[in-house]
Structure formats: structure tokens, C-alpha cells
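So the chains spell out like this:
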Amino acid sequence: MKDHGKKIGKKVILYLIALLFLFIFIYPLYFVIISSLKTNTEIFTTPFAFPKKLQFLNYKTAIEIGNIGRQFLNSLFLAVVTLALTILMASMVSYAISRLRFKGQGAMRVYFVMGMMVPIQSIIVPLAWAINNFNIRDNYLILILLFTASHMPLATFIITGSMNSLPTSLEEAAIIDGCSIYKVYSKIVLPLVKPAMATVGIFVFMYTWNDLLVSMVFIGKAELRTISVGLLNFVGARKSDYGALMAAIFIAILPPLLMYLFLQENVVKGLTSGANK
């Protein structure tokens, strides 16, 4: 009975701690949502209460005056294309490192691991110098290539670990049956590493979507600005219109939030798939 009581007590404590963390993480989102539907007066007088009347005008102000709608689409385009290109390139490199045998294979693996220690922010000055000298600012292709290159080391590391955990028997059987290396890669290996690719997709999408520094340095035209840069400018221009600001913030955090909610089950699977072989 005493052991049973101790187990119940431990579970209650764990549940209370979990509820506390849930409140800590959920409350900011709740505050942003309800504040985006309030007037300035309501935000300051009743910050925790539901709005008496839903102020959808705040979203109209954010989209039309703040141009958040156009910037939302710009960021979505960059994030989706970068995600697709990173997963494609990283999966091919990972397959070569994991399955093929060639001279310099170990050096290539080390090369990509070392790349994880060089964040793009640390080389932003020489990149800016080169891009300005070649006169290729305000170019989405350059931005996509920069984001893809910066994501490749981590993406390759995660997908390679997942591929290393797969048995080679399926691939050997497919090759005996006449499958080419390209079919083995696309029809057998890729479906088996979907959790790892989903994990990479979440990281790549969230990083690209939330990027501020790279977009601010290499994008100058207003019509090409991403949502992070647009949100920064909107805060400066309408710093007293808190309802519209909260509406803009909610629009900005919605895609990464939805993506994580739909793919969260794959995150742990993808990160731990290469832990045991």
C-alpha cells in the first residue's frame, strides 16, 4: 500500500509539473490570440479576459496597411522551396555517405559535421561583401541557396544517422531483383527515413521562416521582404496599435506552429532513429 501511495504521489507531482509547463508555454499564445481581437483599451484594462467584441479590423490593418499578407507569401515561398531543396540534396548526400563506398567518404562525413559548427551569422560580413560586389542583392535564388547551404550539415547528419540504422538486406534483395541504385534510393530508402526527413523539414522550415538577419541584409526591396523583416518594420511604424501588432504576430507564428503540431510525432523518431543500429 505504501509503495502504491508513493507511485500515486509521484504521478500527481509529475502531472502538476506538466500542467505548470503547459501553462507557461500556452499562455503567451493565448494572450496573443485574445489581444489580436481586442481594442487597445481592452488590452490594458482587461488583459486576461475574452474580448467583448471581436475586432477583426486588427487583422485587416495588419494585412493591408502592414503588408503582412504579401510578406507572409514571400516567407512561405522561401521556406517551402528551401525545405524541398534541402531535403532533396541532404537525402542524396546522406545515401552516398551511408551506402556507397568511395575514396574520401570519411572526409566527406567529417566535412559535413564540421559545417554544423559554422553558423551563417558568423560569415555574414564576407557574404554581404561578395553579394554586393556581384550586384546580386534582392534575389530570392541567392537567399534560397544560402539557406540551403546553411541547413545541409544538420540535415545530412540527421538523415545519415537514420539511414545507418536501416538493414541493408532490403536493398540487396532489390538489387538482385534488378533495381538500379536510383530506384533503391527513391523507392526503398526514402520511404523508410520519412521520420528523419520530417524532423529536418520542421527545423528547416522554422529556421527559414523565422530568419531576420540574412533577409534584412540581402533583401532591400519592400515587395520582397520576408515576414520577420516586415514585422519588425510594422512594430516600428505602429507601436501604439497593440491590437494590430498582436494580429501580425499571430499571423507570423501560425505556419510554424501548425507544421510542428502536425509533424511533432516524427521529431523524436527522426532524432533517435540513428541511435541504435
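Being a predicted model, the structure only gives us computed values, none of them experimental.

Caption draft 1: Region of interest: the packing of helix α4 (residues 68–99) against helix α7 (residues 140–164). The interhelical angle for the contact between α4 and α7, taken along N-to-C directions, is 40°, at an axis separation of 6 Å. Of the possible angle classes, the one that applies to α4 and α7 is oblique. Relative to α7, α4 is oriented so that their crossing is right-handed. Its residues assigned to classes, the contact of α4 with α7 comprises 18 nonpolar, eleven polar and one charged.

Caption draft 2: Expanded view of the side chain of Ser98. With respect to the secondary-structure elements, Ser98 resides in helix α4. Residues in contact with Ser98, not counting those within four places in the same chain, are Gln105, Thr160, Met163 and Asn164.

Caption draft 3: Summary view of the nonpolar core. Counting residues in hydrophobic clusters, the biggest one holds 45 residues, and the most contacted among them are Ile159 and Val200. Mapped onto this core, the elements with two or more residues apiece are α3 (57–65), α4, α7, α9 (181–192), α10 (194–210), α12 (227–237) and α13 (242–272). No other element matches the nine residues that α13 contributes to this core. Ranked by size, the runner-up nonpolar core spans 16 residues in total, among them Ile120, Ala128, Leu143 and Val214.

Caption draft 4: Focus on unusual backbone geometry. One non-glycine residue with positive phi stands out, namely Asn67, at about 60°. Among the structural elements, Asn67 can be located in the loop between α3 and α4. On the accessibility criterion, Asn67 (30% relative accessible area) is partly exposed. With a phi close to 55°, Asp138 is a non-glycine residue in the positive phi region.

Caption draft 5: View of the confidence of the model for the protein. Averaged over every residue, the pLDDT of the protein is 87; the share at 70 or more is 93%. Within the protein, the element-level pLDDT minimum falls on α13, averaging 80, and the maximum on α4, averaging 94.

Caption draft 6: Inspection of the packing of helix α8 (residues 169–176) against α9 at higher detail. Following both chains from N to C, one finds α8 and α9 inclined at 160°, their axes separated by 10 Å at the closest point. In this view, α8 runs roughly antiparallel relative to α9, as classed from their interaxial angle. When the axes of α8 and α9 are compared, the crossing they make is right-handed. Contact residues: α8 offers Leu170, Glu171, Ala174 and Ile175, while α9 offers Val184, Ile188, Val189 and Leu192. Split by residue class, the contact of α8 with α9 holds seven nonpolar, no polar and one charged.

Caption draft 7: Up close: the side chain of Thr82. The residue Thr82 is located in helix α4 in this model. Overall, Thr82 belongs to the buried group, its relative accessible area being 0%. Once you skip the residues sitting within four places of it in the chain, Thr82 turns out to touch Ile144, Phe147, Thr148, His151, Val204 and Thr208.

What counts, and where the lines are drawn
- Residues numbered from 1 in each chain as written.
- Predicted model: local features only at pLDDT ≥ 70, side-chain atom pairs only at ≥ 80, totals over all residues.
- Heavy atoms only, no water.
- Axes fitted to C-alpha atoms, helices over the stretch in contact; angles between N-to-C directions.
- Helix = DSSP H or I, 4+ residues; strand = E, 2+ residues; numbered from the N terminus.
- Parallel < 35°, antiparallel > 145°, perpendicular 65-115°, else oblique.
- Left-handed = near helix turned anticlockwise from the far one by under 90°.
- Nonpolar A, V, L, I, M, F, W, Y, C, P; charged D, E, K, R; others polar.
- Contact = heavy atoms within 4.5 Å.
- Core = buried A, V, L, I, M, F, W, Y, C linked by side-chain atoms within 4.5 Å.
- Buried < 20%, exposed > 50% of the residue type's maximum accessible area, 1.4 Å probe, protein only.
- pLDDT = per-residue confidence, 0-100.

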